[in-house]
Amino acid sequence: MASLDIDRNGLVLRSVSKKPPKDYIMKIVSFSSLKSEDRYESGEFEIEGYKWKLVLFPSGNKKHNVNDHISLYLEMGGQKAIETGSIVTVDYKFFLLNRQKEKKTYLVLEDANKKEKKYCFYRTIVGGLAGFDRFISIEDFTDAFNGYLIDDTCEFGADVFVSKSRRKGKGERVSMNLNTIMYKHTWKVTDFSKLDTPSCSQPFTAADQKYCTWKLVLYPRGLGIGKGSHLSVFLHVYEPETQLPIGSKILAEYTIRIMDQIHAKHRSIKGKKWFSAPFWSWGHYQFITQEANAACLKNDSCILEVEICILGISIPGISTS
């Protein structure tokens, strides 16, 4: 009997099966010893010419604010890059062995919308996580009565179904409603008064939408019509030429915010834009006056926050091979 649950990126189908995973089994002895580890990566296994591995967060993926569940993901491994102009898409099922009453069954999790949505690896470099933030609650997992963790031993597994796509001829493929969750990233800029040149945040991804990476760019002395009077702030797609096929477009809804650390009167702008060449960045030249921003600082630090939701992506000339 199957049931539906909600994870960060949509509906999750949970079911029970007597059949074990076909592609990979990860048996962990002394699971309690992993509690001090942020993440554990399995050995690599090959499907359709590409290397894969399971990534387990035994105490939850803290980057996604998960503390009470085990997080489990599939990640591309190895050194083989995705060919230029190609896409690798995967469907996957994750398994957890249940030895309740000495009868072996498997808890199975999969994307309930897999017919409409596959996880795509667009980049020409290796990387990206696909999976479930809340695979199983730590309370249910550690309760011996449930049969998942017996004598400090457990067994996870995966079935992975890989398909390849390539660019061919003219046209494009547009995928919408990819991620209805707003992802929040915070950037603290220290020694603000000493800044004279543009400053960039560390690259970050919006949840597990790994086909592109983002960054914030701050001009402390302003840019364009804001030069000398305002702060200018922009949201950029980070190195799009290395992450996406030429001609790609990304539809994102975002809010950029400068935090008022004194009076909590935060300043923000909102936007909903297609990011594409040559406009891989959007923002505001006159985000906040320099005088007003000075009143928001604390200990000479400026805190910026961005919330971003990826609504769609367009990839040119894609056909399934």
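The following refers to the structure shown.

What counts as what
Residues numbered from 1 in each chain as written. Predicted model: local features only at pLDDT ≥ 70, side-chain atom pairs only at ≥ 80, totals over all residues. Heavy atoms only, no water. Helix = DSSP H or I, 4+ residues; strand = E, 2+ residues; numbered from the N terminus. Buried < 20%, exposed > 50% of the residue type's maximum accessible area, 1.4 Å probe, protein only. Contact = heavy atoms within 4.5 Å. Areas by Shrake-Rupley, 256 points an atom, 1.4 Å probe, with all protein chains shown as cover. Salt bridge = Lys/Arg side-chain N within 4 Å of Asp/Glu carboxyl O. Phe/Tyr/Trp six-rings, centres within 6.5 Å; stacked < 30°, edge-to-face > 60°. Lys NZ or Arg CZ within 6 Å of the ring centre and 35° of its normal. Core = buried A, V, L, I, M, F, W, Y, C linked by side-chain atoms within 4.5 Å. Lys, Arg positive; Asp, Glu negative; His and termini not counted. Polar contact = N/O pair within 3.5 Å; in protein donor to acceptor, adjacent residues only side chain to side chain.

### Some words on the overall build of the protein chain
For the protein chain, the helix and strand inventory stands at 3 helices and 21 strands. Looking at the protein chain as a whole, 52% of its 321 residues are labelled buried. Residue pairs in contact within the protein chain that sit at least 24 positions apart in sequence constitute 70% of those at least 6 positions apart. Accessible surface for the protein chain amounts to roughly 16,100 Å². Of this, 49% is attributable to carbon and sulfur atoms.

### Considering the pattern of salt bridges
Throughout the structure, instances matching the rule amount to 8 salt bridges. A salt bridge links glutamate 46 to lysine 51, with the shortest nitrogen-to-oxygen separation between them at 3.5 Å. Judged by its relative accessible area of 48%, glutamate 46 is partly exposed. Under the relative-accessibility criterion, lysine 51 is labelled partly exposed at 35%. Among the ionic pairs, lysine 53 bridges to glutamate 75, the shortest N-O distance being 3.8 Å. Pair noted here: lysine 53 is in strand E6 (residues 50-57) and glutamate 75 is in strand E7 (residues 69-76), with a separation of 22 residues, a long-range link. Assessed through its relative accessible area of 13%, glutamate 75 is described here as buried. A cluster of three or more residues bridged by salt bridges with shared partners is formed by Arg39, Glu41, Lys53 and Glu75.

### Quick notes on the packing of aromatic side chains
A full pass over the atoms with the stated rule returns 15 aromatic pairs. For the pair phenylalanine 95 and tyrosine 106, a centre-to-centre distance of 6.1 Å together with 80° between the ring planes defines the contact as edge-to-face. Within this pair, whereas phenylalanine 95 is found in strand E8 (residues 86-98), its partner tyrosine 106 is found in strand E9 (residues 105-111), the two being separated by 11 residues in sequence. Across this residue pair, the class does not change: phenylalanine 95 and tyrosine 106 are buried. Through pairs of rings, three or more aromatic residues link up here, namely Phe31, Phe135, Phe141 and Phe156. For the cation-ring pair, lysine 249 lies above tryptophan 274, with the distance from its terminal atom to the ring centre recorded as 5.5 Å.

### A few points about the side chain of threonine 153
Mapping threonine 153 onto the fold places it in strand E12 (residues 153-176). Beyond its immediate stretch of four places on either side in the chain, threonine 153 contacts Lys27, Ile28, Val29, Ser30, Arg99 and Tyr148.

### Remarks on the nonpolar core
Trp52, Phe141 and Phe156 are the most contacted members of the largest nonpolar core, which has 35 residues in total. Looking at this core, the elements with two or more residues in it are strand E3 (24-29), strand E5 (45-47), E6, E7, E8, E9, strand E11 (129-137) and E12. Setting aside chain neighbours within four positions, we find phenylalanine 141 in contact with Phe31, Ile70, Leu96, Ile136, Tyr148, Leu149, Cys154 and Phe156.

### Considerations on the side chain of aspartate 159
Looking at where aspartate 159 falls in the secondary structure, it is placed in strand E12. Despite its burial, aspartate 159 remains without a salt bridge, the nearest opposite charge being carried by lysine 22 at 5.8 Å. Within the structure, the side chain of aspartate 159 is placed 3.2 Å from the backbone nitrogen of aspartate 23, a separation counted as a polar contact. In contact with aspartate 159, not counting residues within four places along its chain, are Pro21, Lys22, Asp23, Asp91, Tyr92, Lys93 and Phe95.

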